[in-house]
Amino acid sequence: MAIDPQLINQLTLEEKAALVSGKDFWYTATIDRLNLSPLMMSDGPSGLRKQDASMSGLGLKESIEAVCFPASALTACSFDRQEMNQLGHYLGKAAQAERVGVLLGPGINLKRSPLAGRNFEYFSEDPYLTGELATAYVNGVQNEGVGVSVKHFAANNRENERFTMSSNIDERTLRELYLSAFEKVVKNAHPATIMCSYNQINGTLNSQNHRLLTDILRNEWGFKGLVMSDWGAVADHTAAIKAGLDLEMPGKGDLSTEEIVAAVKKKQLSETTLDRAVSRVLAMIDHWQQQSGDPQKYDMDAQHQFARKLAAKSIVLMKNDHDILPISAADSIAVIGELAKKPRYQGSGSSHVNAHHLVTPFQAIDQARPETPYAAGYSLSQDEVDHQLIDQAVTLAKRADKVLLFAGYPEQQESEGFDKDNLNLPQSQNQLIEAVAKVNPNTVVILQNGSVLLMPWVHQVAGILETYLAGEAVGEATWDILSGKVTPSGKLAESFPQRLEDTPSYLTFNADPKIENYREGSFVGYRYYDKKQLTVQFPFGFGLSYTNFDYHDLTVSVEDKQVLVSLKVRNTGQRQGEETVQIYVGNHASHVEMAAKQLVDFGKIGLNPGEEAQLSFTLGLRAFSWFNPATENWQVDNGSYEILIGSSSQNIRLHQDISLDWTPVQPLIVNMNTYINVLVDHPELKSALDESGIGEIFDKVMTSDPATAKMFLNMPLRAATTVGVTPEQIQRFLELSNS
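Regarding the overall build of the chain
Alright, step 1. When its secondary structure is counted, the chain shows 22 helices and 26 strands.
Alright, step 2. At 29 Å, the chain has a C-alpha radius of gyration in line with the 27 Å of a compact globule built from 739 residues.
Alright, step 3. The C-alpha extent of the chain, read off along each of the three principal axes, is 95 × 75 × 50 Å.
Alright, step 4. Within the chain, residue pairs in contact and separated by at least 24 positions form 76% of the contacts whose partners lie at least 6 positions apart.
Alright, step 5. Of the roughly 28,700 Å² of accessible surface on the chain, 48% is carried by carbon and sulfur atoms.
Alright, step 6. Once the 64 positive and 90 negative side-chain charges of the chain are each reduced to a mean point, those two points are 1 Å apart.

Rendered as structure tokens:
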């Protein structure tokens, strides 16, 4: 629909107030006298969760039928921009067919702690990977004429007390990690809307955070769309509109209208400021409103096949001792674990989809291998060990060449709305795995989980397959990998620690219900483990294949404000496969705390056996930058950097040192607090040292003994009087050096 730009002038104050609050759970307000139709929104990060008029807003499991795609925790492991873009296209087509104007997603908060209850809905612990995949996803959806709402802005990294808690973060960490992916999506994909989160940042509620919603989002990044609240995030609607929030969701009916009208009449809110929010609501409706009419049909079966393909490309092979996988036709197999027949294939809460066509792992396996023996081994409804079920599973395992054992978190263990307090599988599952592996070492554990878990049995089993929450095609995609129809190529988008106590935020996560102190700073995920040289169970970027890849012929060239990286990759195995090449940068130039390396680019390549291809990457300024809070800007320091090429964060195949001198050197201004090591390291200061008479004194101290010399160099100029330098000499030196 085309909206008259002058429409805002025809609206009454009451109508304006109604437009800045949702009509209900899913629609903007209707202005009948001006023929202004409502725009519908719907949850949909991993599939459309549209609720029709007969369904209650809080009915999280009541929605129309739609294809359930893999959760973001799994799709991120694809490291595949093209596939994420295609996922966006399919979601956009579904939304358009169902007359949905704005899809609420993707969620792009970082995985700061593996205990966070909503991690299944987010991409990664790494902001670069998150930003790249989210940008591709958003472009895909919006190219179908459907808007998105990128969420949850920002630093929404725990669920407990999420409506009120304050994420207390230093500025550099906030910019480099928790805002970085949002910045990339805003600048490169221009999302229709941004959804602000429930929490506070440094004591200011995000729905009322002018610095976040206006200064940074709009004035710095140039965001032109609408800012809406997460559902129920608005505490003070007037303050929120002033800060830059445009749409409260959902509305509170007449109460929402009345409070805004009253605020304007009492001059607590100017009508000009209200008009700003109204104009953005109207612009959203104008741009993203769908055609009226009944829902249209679209090809759900084709979308199901894509869900299968995407899941298979994302599943991570974690362990494959003695090439236990893929399963051969000659292998007799046994399937164990209730999750094989009752899979956990999607997240709980607002992302829950009424799946179009669920295929369970057992269904897919039994179709390929009829009459495959099965034992439950445990009950998903209880954590207690059932020894009878375990005994039945052990008896079955003894008769098979290989065991496919399905394990994972039950739905009640992780969900939106609460955080976990441990990373353990139910004891019934851990004991089952150990008992089965004891009688059959050819056991493969297939995991279904929304986030990181601990594996006390890791050395007892031959294979581990991480499927996360794989969507409605979970069974087909899992069997595609197990059978070798698809060669696994997924890479972990988060680190798997050996212990909860090893995680960076262990000391602070959920320690205080009111505040969350981000004391680990920028050392999150692999940035922490690599810097600490701490052993993990499986590192970021890790994933095995049924074939092998060789990296060689690395070339790196430094040009004006960019670094060009090129290398060749060869498939040296016997199967076709895809490999994700990861580019990291190690910063040895900046005199601030730095991770040992950070991901700055990646590329995925498919190769036939013996085939070789060249990959090229262009790294810009941001790949070498850090955010300097003192200057409120990104900074590149001159000096030494390292280009590292890896198949994971801890498996670096190639590397090369480079030197950058992109930043103009500022003249040194010497003062009383300038350290002596700085003075003697600058050749241009030698004449000033000599002419002032200080140089001779310095030389005597420097040649006395090594310990004295090191201590002397670590003193400021004002302390030079302790070795015989006079105040007059210091003053003369300052005049000469700063002239």
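Structure shown, so let's carry the discussion forward.
Quick notes on the environment of Gln427
Alright, step 1. Looking at the secondary structure, you find Gln427 in helix 15 (residues 427-439).
Alright, step 2. Given the relative accessible area of 39%, Gln427 is considered partly exposed.
Alright, step 3. A C-alpha to C-alpha distance of 6.1 Å links Gln427 and Asp383, two positions 44 residues apart in sequence.
Alright, step 4. With near-sequence residues (within four places) excluded, Gln427 lies in contact with Asp383 and Val385.

Re the pattern of salt bridges
Alright, step 1. Using the criterion set out here, one finds 49 salt bridges in the structure.
Alright, step 2. A salt bridge links Arg308 to Glu476, with the nearest nitrogen and oxygen atoms 3.7 Å apart. Here the residue Arg308 occupies a position in helix 12 (residues 300-314), and Glu476 occupies one in helix 16 (residues 474-483), the gap between them amounting to 168 residues. Just as Arg308 is buried, Glu476 falls in that class too.
Alright, step 3. Here Lys420 and Glu414 are joined by a salt bridge, their closest N and O atoms 3.2 Å apart.

A closer look at the nonpolar core
Alright, step 1. Membership of the largest hydrophobic core comes to 187 residues, with the highest contact counts inside it found for Met41, Phe153, Ile336, Leu404 and Met455.
Alright, step 2. Beyond its immediate chain neighbours, meaning those up to four positions away, Phe153 contacts Leu179, Phe182, Ile194, Met195, Cys196, Ser197, Asn206, Leu212, Leu213, Leu217 and Trp221.
Alright, step 3. Grouped together as the second largest cluster of nonpolar side chains are 29 residues, Tyr551, Val585, Ala623 and Ile645 included.

A few points about the sheet that holds strand 14 (residues 402-408)
Alright, step 1. Taken in spatial order, the 6 strands make up an open sheet running 10-16-15-14-11-13, and their pairing is mixed. A strand with exactly one partner marks an edge of an open sheet, and here the two such strands are strand 10 (316-320) and strand 13 (374-375).

Details of the pairing of strand 25 (residues 639-648)
Alright, step 1. The buried count for strand 25 comes to 9 of 10 residues, which makes it a mostly enclosed element.
Alright, step 2. Here 6 bridges tie strand 20 (residues 577-587) to strand 25, and the two strands are oriented antiparallel to one another. Each residue of the ladder has a partner; that of Gln582, found in strand 25, is Gly646.
Alright, step 3. Inspection of the sheet shows strand 25 paired to strand 26 (residues 651-660) by 9 bridges, in the antiparallel sense. Bridging from a neighbouring strand, Ile643 pairs with Gln656 of strand 26.
Alright, step 4. Turn length for the strand 25-strand 26 hairpin, with the two strands adjacent in sequence and antiparallel, is 2 residues.

Describing the sheet that holds strand 26
Alright, step 1. Taken in spatial order, the 4 strands of this open sheet run 21-20-25-26, and their pairing is antiparallel. Each of the sheet's edge strands pairs with one partner strand only, and the pair in question is strand 21 (598-607) and strand 26. The sheet shows a mean angle of 20° between the axes of neighbouring strands, direction not considered.
Alright, step 2. Note that strand 20 and strand 21 share 9 bridges and pair antiparallel. Paired with Gly577 across the two strands is Leu607, which belongs to strand 21.

Quick look at the side chain of Glu476
Alright, step 1. A relative accessible area of 14% places Glu476 in the buried class.
Alright, step 2. Discounting chain neighbours no more than four positions away, the residues touching Glu476 are His304, Arg308, Val359 and Ala364.

Structural notes on empty space enclosed by the protein
Alright, step 1. Applying the stated criterion to the full structure yields 4 cavities of 30 Å³ or more.
Alright, step 2. Considering only enclosed or pocket space, the largest cavity measures out at about 120 Å³ in volume.
Alright, step 3. Taken together, 15 residues make up the lining of the largest cavity; nearest its centre are Lys111, Arg112, Pro114, Glu125 and Ser495.
Alright, step 4. Residue composition of the lining of the largest cavity, grouped by class: 6 nonpolar, 5 polar and 4 charged.

Focus on the environment of Leu453
Alright, step 1. Looking at the secondary structure, you find Leu453 in the loop between strand 15 (443-448) and strand 16 (463-466).
Alright, step 2. With relative accessibility at 1%, the residue Leu453 sits in the buried group.
Alright, step 3. The sequence separation of Leu453 and Pro114 amounts to 339 residues, and the corresponding C-alpha distance is 8.1 Å.
Alright, step 4. Residue contacts for Leu453: discarding those within four places in its chain leaves Tyr409, Leu423, Leu425, Leu447 and Phe496.

Thoughts on the packing of helix 4 (residues 81-97) against helix 5 (residues 127-142)
Alright, step 1. Between helix 4 and helix 5, the least distance of the axes is 6 Å, while the angle of their chain directions is 40°. Here the hand of the crossing between helix 4 and helix 5 comes out right-handed. In this structure, helix 4 contributes Arg81, Met84, Asn85, Leu87, Gly88, His89, Leu91 and Gly92 to the contact, and helix 5 contributes Tyr128, Glu132, Leu133, Ala136, Tyr137, Asn139, Gly140 and Val141.
Alright, step 2. Considering only residue class, the contact of helix 4 with helix 5 consists of 8 nonpolar, 6 polar and 2 charged.

What counts as what
Residues numbered from 1 in each chain as written. Predicted model: local features only at pLDDT ≥ 70, side-chain atom pairs only at ≥ 80, totals over all residues. Heavy atoms only, no water. Helix = DSSP H or I, 4+ residues; strand = E, 2+ residues; numbered from the N terminus. Rg over C-alpha atoms; globule rule 2.2 N^0.38 Å. Contact = heavy atoms within 4.5 Å. Areas by Shrake-Rupley, 256 points an atom, 1.4 Å probe, with all protein chains shown as cover. Lys, Arg positive; Asp, Glu negative; His and termini not counted. Charge placed at Lys NZ, Arg CZ, Asp CG, Glu CD. Buried < 20%, exposed > 50% of the residue type's maximum accessible area, 1.4 Å probe, protein only. Salt bridge = Lys/Arg side-chain N within 4 Å of Asp/Glu carboxyl O. Core = buried A, V, L, I, M, F, W, Y, C linked by side-chain atoms within 4.5 Å. Pairing = 2+ DSSP bridges. Axes fitted to C-alpha atoms, helices over the stretch in contact; angles between N-to-C directions. 1 Å grid on protein atoms, 1.4 Å probe; cavity = no way out; pocket = protein on both sides within 12 Å on 5 of 7 lines; lining within 4 Å. Points joined across faces, edges and corners; volume = space filled by probe spheres on them. Nonpolar A, V, L, I, M, F, W, Y, C, P; charged D, E, K, R; others polar. Left-handed = near helix turned anticlockwise from the far one by under 90°.

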